[in-house]
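# Remarks on the overall topology
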Amino acid sequence: VLSRQEMFEETVYQPQQVLDVEAGRKAFEASCASCHKFGSVGNDHGVASLNLSASALRSSKAALLEAVFFPERKLAPEHETTVIETTDGKTITGLVLREAGANVSILTTAGAATEVPKSQIKARRKTKTSIMPDSLADTIDRNTMRNLAAFLVAAPPAGAGSGGR
């Protein structure tokens with residue numbers, strides 16, 4: 001059994017010979033696009049840092065894959081998880097997208113934005129965790145992960161529904 005660190009190193013330093021950008025796009029659409037945008041693919045929920053099109057991570061395959069294998073390793077403060085407890089006893093965990101008027105918009109771990117009325121917030125705290133599941137690297141095989149990285153270092157796809165450039 002390989003540790004996650006060993007899987008990361010194998011993925012980065014023992015690349016397959018032929019990368020498939022289209023297979024990487026499909027992996028992105030299936031596993032990343034509910035919270036991230038790359039070119040015309042996905043949804044960044046209006047948060048610039050969730051749009052990977054101009055991300056500095058794209059300049060290094062190792063940095064990009066490290067962010068997938070270990071999302072909390074270099075977590076920016078704006079990506080820390082917020083835990084909201086409501087007056088009706090619910091707990092909502094996610095990334096605060098915006099606070100406008102009487103509501104807080106929060107992106108949940110399921111990749112859906114939820115509006116929480118401020119009047120229903122009983123308690124609120126931040127944790128130094130990411131809503132991006134660290135188990136993602138365990139659910140995508142290493143060849144697919146390499147293809148995902150190939151897709152993300154290629155030119156971002158243009159146009160709605162485009163097959164890329």
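Before any of the text, the structure's been laid out above.
Residues numbered from 1 in each chain as written. Predicted model: local features only at pLDDT ≥ 70, side-chain atom pairs only at ≥ 80, totals over all residues. Heavy atoms only, no water.

### Focus: the side chain of Ser130
Counting through the fold element by element, Ser130 comes out in the loop between strand 7 (121-127) and helix 4 (136-139). A polar side-chain atom of Ser130 sits 3.0 Å from the main-chain amide nitrogen of Met132. With near-sequence residues (within four places) excluded, Ser130 lies in contact with Pro71, Glu72, Leu75, His79 and Thr81. (Helix = DSSP H or I, 4+ residues; strand = E, 2+ residues; numbered from the N terminus. Polar contact = N/O pair within 3.5 Å; in protein donor to acceptor, adjacent residues only side chain to side chain. Contact = heavy atoms within 4.5 Å.)

### Observations concerning the pattern of salt bridges
Evaluation of the coordinates by the stated rule reveals nine salt bridges. A salt bridge links Arg4 to Asp138, with the shortest nitrogen-to-oxygen separation between them at 2.4 Å. Of the two residues, Arg4 is situated in helix 1 (residues 4-13) and Asp138 in helix 4; the sequence distance between them amounts to 134 residues. One salt bridge connects Glu66 with Arg73, and the closest N-O pair in it is separated by 3.0 Å. By relative accessible area, which is 14% here, Glu66 ends up buried. One network of salt bridges, with partners in common, ties together Glu66, Arg73 and Lys74. (Salt bridge = Lys/Arg side-chain N within 4 Å of Asp/Glu carboxyl O. Buried < 20%, exposed > 50% of the residue type's maximum accessible area, 1.4 Å probe, protein only.)

### Thoughts on the packing of aromatic side chains
Across all of its chains, the model carries six aromatic pairs by this definition. Judged by centre distance (5.1 Å) and plane angle (70°), the ring pair of Phe38 and Phe151 falls under edge-to-face. Pair noted here: Phe38 is in strand 1 (residues 37-38) and Phe151 is in helix 5 (residues 142-153), with a separation of 113 residues, a long-range link. Summarising the burial analysis for this pair, Phe38 and Phe151 share the class buried. Geometrically, the ring pair formed by Phe69 and Phe70 is tilted, given 6.3 Å between the ring centres and 40° between the ring planes. Judged by its relative accessible area of 1%, Phe69 is buried. A connected cluster of aromatic rings, assembled from ring pairs, spans Phe8, Phe69 and Phe70. The lysine or arginine in question, Arg73, covers the ring of Phe70, its NZ or CZ lying 3.8 Å from the ring centre. (Phe/Tyr/Trp six-rings, centres within 6.5 Å; stacked < 30°, edge-to-face > 60°. Lys NZ or Arg CZ within 6 Å of the ring centre and 35° of its normal.)

### As for the sheet that holds strand 5 (residues 103-108)
With antiparallel pairing, the five strands of this open sheet are ordered in space as 6-5-4-3-7. The two strands at the open ends of the sheet, each matched to only one other strand, are strand 6 (113-117) and strand 7. This sheet shows a mean twist of 45° between the axes of neighbouring strands, independent of strand direction. One ladder, built from six bridges, connects strand 3 (residues 81-86) with strand 7; its direction is antiparallel. Opposite Thr86, over in strand 7, you have Ile121 as the bridge partner. (Pairing = 2+ DSSP bridges. Axes fitted to C-alpha atoms, helices over the stretch in contact; angles between N-to-C directions.)

Bear in mind that shape data such as this cannot, by itself, settle questions of function.
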